[in-house]
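Given next are the chains, with one letter for each unit.
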Protein chains: 2
Amino acid sequence: MTLKELARLLGLSATTVSRALNGYPEVGAETRARVLEAAARHGYEPNVTARRLATGRALAIGHVIPLAEHQMINPIFADFIAGAGEVYSAAGYDMLLSVVPEPEEPSAYAQMAAQNKVDGVIVHAPKVHDVRVEMLRRLGLPFVMHGRDGREAPDYPFLDIDNRRAFRRATEHLLGLGHRRIALVNGLEAMSFAHRRRHGYLEALRAAGLAPDPQLMRTREMREPYGHAAAAEMLRMPDPPTAFLTASIIVAFGVLRAVREAGLEPGRDVSIATHDDVLSHFSLDGAPPVFTATRSSIRAAGRRCAEILLDLIAAPHGPQVQELWQAELIPGPSTGPALRENQHA
Amino acid sequence: MTLKELARLLGLSATTVSRALNGYPEVGAETRARVLEAAARHGYEPNVTARRLATGRALAIGHVIPLAEHQMINPIFADFIAGAGEVYSAAGYDMLLSVVPEPEEPSAYAQMAAQNKVDGVIVHAPKVHDVRVEMLRRLGLPFVMHGRDGREAPDYPFLDIDNRRAFRRATEHLLGLGHRRIALVNGLEAMSFAHRRRHGYLEALRAAGLAPDPQLMRTREMREPYGHAAAAEMLRMPDPPTAFLTASIIVAFGVLRAVREAGLEPGRDVSIATHDDVLSHFSLDGAPPVFTATRSSIRAAGRRCAEILLDLIAAPHGPQVQELWQAELIPGPSTGPALRENQHA
DNA sequence: GCGGCATCCCAAACCGGTTTGGATTAAGGC
DNA sequence: GCCTTAATCCAAACCGGTTTGGGATGCCGC
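Since the structure is predicted, the reported quantities are computational estimates derived from the model, not experimental observations.

Asker: Provide a residue-level description of the packing of helix H2 (residues 14–22) of chain A against helix H3 (residues 29–42) of chain A, including the pertinent values.
Answerer: All names here are of chain A. For the pair H2 and H3, the least separation of the axes is 9 Å and the interaxial angle reads 85°. Relative to H3, the element H2 is oriented roughly perpendicular. Touching Thr 16, Val 17, Arg 19, Ala 20 and Leu 21 of H2 are Thr 31, Arg 32, Val 35, Leu 36 and Ala 39, all from H3. Its residues assigned to classes, the contact of H2 with H3 shows six nonpolar, two polar and two charged.

Asker: Which residues make up the packing of aromatic side chains, and what values do they have?
Answerer: For the structure on display, the rule yields nine aromatic pairs over all chains. On the basis of an interplanar angle of 45° and a centroid distance of 5.7 Å, the ring pair of Phe 143 of chain B and Tyr 156 of chain B is categorised as tilted. In this pair, Phe 143 of chain B sits in strand S4 (residues 143–146) while Tyr 156 of chain B sits in the loop between S4 and strand S5 (158–161), placing the two residues 13 residues apart along the sequence. By the burial criterion, Phe 143 of chain B is buried, and Tyr 156 of chain B matches it. What links up through ring pairs into an aromatic cluster is the set Phe 253, Phe 282 and Phe 291 of chain A together with Phe 253, Phe 282 and Phe 291 of chain B.

Asker: Describe the relation of the copies chain A and chain B, and please don't skip the residues or the numbers.
Answerer: Take chain A, turn it by 180°, move it 0.0 Å along the axis, and it overlays chain B with an RMSD of 0.1 Å. With respect to symmetry, the two chain copies, as superposed, fit the operation of a two-fold axis. Interface overlap between copies: 100% of the residues of chain A at the interface are likewise at the interface in chain B, consistent with a symmetric, same-surface contact.

Asker: Can you tell me about the protein's contact with DNA strand C, naming the residues and giving the values?
Answerer: Around DNA strand C sit 28 residues, and of these Ser 18 and Arg 19 of chain A together with Thr 15, Arg 19 and Thr 31 of chain B come closest. Protein-proximal atoms of DNA strand C, defined as those within 4 Å of the protein, fall in sugar or phosphate at a share of 57%. For DNA strand C, a phosphate oxygen lies 3.1 Å from a polar atom in the side chain of Asn 22 of chain A. Secondary-structure elements contributing two or more residues to the surface near DNA strand C are helix H1 (3–10), H2 and helix H4 (48–55) of chain A together with helix H2 (14–22) and helix H4 (48–55) of chain B. Broken down by element, the surface near DNA strand C gets its largest block of residues, five residues, from H4 of chain A. Taken together, the residues of the surface near DNA strand C break down into eleven nonpolar, twelve polar and five charged.

Asker: Please set out the protein's contact with DNA strand D residue by residue, giving values where relevant.
Answerer: Around DNA strand D there are 28 residues in total, and Arg 19 and Thr 31 of chain A together with Leu 3, Ser 18 and Arg 19 of chain B lie nearest to it. By atom count, sugar and phosphate contribute 56% of the portion of DNA strand D lying within 4 Å of the protein. Arg 19 of chain B is positioned with one of its side-chain polar atoms (N or O) 3.2 Å from a base oxygen of DNA strand D. Contacts to DNA strand D include Asn 47 of chain B, whose backbone N or O atom sits 3.4 Å from a sugar or linking oxygen. Mapped onto the surface near DNA strand D, the elements with two or more residues apiece are H2 and H4 of chain A together with helix H1 (3–10), H2 and H4 of chain B. Per element, the largest residue contribution to the surface near DNA strand D is five residues, and it comes from H4 of chain B.

Asker: Could you give an account of the nonpolar core, with specific residues and numbers?
Answerer: Within the largest apolar cluster, 119 residues are counted, with the highest numbers of intra-cluster contacts made by Tyr 88, Leu 97 and Phe 244 of chain A together with Tyr 88, Leu 97 and Phe 244 of chain B. In contact with Tyr 88 of chain B, not counting residues within four places along its chain, are Ile 61, His 63, Tyr 93, Met 95, Ile 122, Ala 306 and Leu 310 of chain B. Judged by nonpolar contacts, the second largest core, of 38 residues, contains Tyr 109 and Tyr 156 of chain A together with Phe 143 and Met 145 of chain B.

Asker: Account for the side chain of Asp 149 of chain A, with residues named and values stated.
Answerer: Residue and element names in this part refer to chain A. Inspection of the secondary structure puts Asp 149 in the loop between strand S4 (143–146) and strand S5 (158–161). Overall, Asp 149 belongs to the buried group, its relative accessible area being 5%. For Asp 149, the side chain forms a polar contact with the side chain of Arg 151, separated by 2.8 Å. Beyond its immediate stretch of four places on either side in the chain, Asp 149 contacts Pro 126, Lys 127, Val 128, Asp 130, Val 133, Pro 154, Tyr 156, Ser 192 and Arg 196.

Basis of the calculations
Residues numbered from 1 in each chain as written. Chains lettered and ligands numbered in written order. Predicted model: local features only at pLDDT ≥ 70, side-chain atom pairs only at ≥ 80, totals over all residues. Heavy atoms only, no water. Axes fitted to C-alpha atoms, helices over the stretch in contact; angles between N-to-C directions. Helix = DSSP H or I, 4+ residues; strand = E, 2+ residues; numbered from the N terminus. Parallel < 35°, antiparallel > 145°, perpendicular 65-115°, else oblique. Contact = heavy atoms within 4.5 Å. Nonpolar A, V, L, I, M, F, W, Y, C, P; charged D, E, K, R; others polar. Phe/Tyr/Trp six-rings, centres within 6.5 Å; stacked < 30°, edge-to-face > 60°. Buried < 20%, exposed > 50% of the residue type's maximum accessible area, 1.4 Å probe, protein only. Least-squares fit on C-alpha atoms with pLDDT ≥ 70 in both. Near = heavy atom within 4 Å. Polar contact = N/O pair within 3.5 Å; in protein donor to acceptor, adjacent residues only side chain to side chain. Core = buried A, V, L, I, M, F, W, Y, C linked by side-chain atoms within 4.5 Å.

No statement about biological role is implied by the geometric values presented.
Next comes the structure, spelled out in structure tokens:
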């Protein structure tokens, strides 16, 4: 069923039918009603491809997922995409996903722009120095960043959580429990979120008059076995940490496993705190929290980023939206007072 | 830069330029070379939307992700998508993701078909009785199923792992270690993969002359807290299981957590075996395996499904591809001989 | 020298919508 | 009764490609 067929059926021109369906004022109320009724009855749906070509609007949003060297796919990705996808579907937009080797990321964006495949993109996992901002500006592709680059107040729309503050608070929480040797099992510090978390951690240590121990600071892709290996190794040190702060619940589970293997009781012998993205496969309504955590839903972030981008596309010169969310600090059973004999002399 | 502009630049017609670029034989070798050179020099890229409209080919593959009632997004999804996405990108196809509430899943497919948005789809997470097969046939939308419905030999292209065999072998492995009370912490059994796994488990028990205990069989969405709650509960039974078989590494981690909390040593006091999809955030090259597992990479499955679908689209009447992969049984430290005092009298 | 056959290229139609610039008709004002 | 204006509707152009159905040119054989 095409527009022309529908028009012939109604004895109207394609123009009128198109206008009737799209709510233009040039068609009479009675005609419009007839058209809408007929369209519904015949299950007419306008061909998006034709519409794209005619209007120049892509009616789609792009997400470029670069595969890093080690081919890891960011675990938070699925929940974020789910959140954003809900919004797109409700708004009649398509979601275009482009999975490319990291070196081809720029060309993936360039292609989306040159071919008008999308009306905008959401930029994931910003680095401290992120070349994509400049690139997208040159391409004239509207974007919203999930996170920020290294700058405190960038000049583009973004939604970020206050990573520095979250990790400062989490560190302060551990310090308040008497911990002095606190390990930071961080994500890759080229990523601005990890960079900020480290700064929050360092700030808290400094405020407490403690010098950071490089041996207690690790940075790597956030996988479970990484958390395990890092914790196992540190627990074998002559002067082991009494608390761990990790960048992801996945890493925290790895740390927990190592703690158990060492015969230690989490929350008593060793404390573990983490950031928690509320990933759906690690959470269950009603289940008690496993870890003390700074919590912020990545799914909600996906939803909100999508909304911001759609608004931006609808009103390109509207006010620039920048949101900084505070993570909640949720107490859990994985932290407790530092044991006397473990405390630093 | 449009085709027409390029044609004018070259003093050729749009027809000739189009043919030259698409490798049709009607243009001379010298002309073709000139066209290709000019296209490259000016960075010409054909507008995919226009091409879609003209050819009727969408040059895109669709994935519909239904959000279940509990809003959980399947954790294996990210890795599968990454695998498939690599193949699409390399082949010049787009990936269209549609995230919809479960009840709207049929209309999501209908829309993709009616509007010619995609050339085919990959169907995820088939149920034992799956209505999508009939629907996609009616819509005339080519598809490849990742998994199978309840039938042993369906009449559509699919890629599945031999879930029944894998779980029979895993169960036999535990039986061989002397375990008699083996718990099955399964996924949702409306899903055909979970259904088959249960049958594999039951087959092995029956072959060993054991009657299944309904108390030891759980079925639910595969989340970490589910594994934890299920195991914790069963370990409190008067006659607790001595071994757990779980449907996902995520669930296995939950079980492991409960085992540790009960003060038991995995692989000694209690055994844990699981299926392992080789999710990227749970694996790390060189790290020793955590669990004894039936292993099959979901990422590789994503790649292969994409290949099968692209082949199917290129040659709709070629031979129907149906692949059944065997999972590897990987021994790990999480299983060991059943303790005497725990053995069933 | 002429018909036949490739070879190479092009004008125009087409995909299915949207949008511009009227044309037609009816209502309103004086 | 005539002119203006508003209300409706339409034909045709357009978006940027692909594809059909020739047309022109050059080479061949006889």
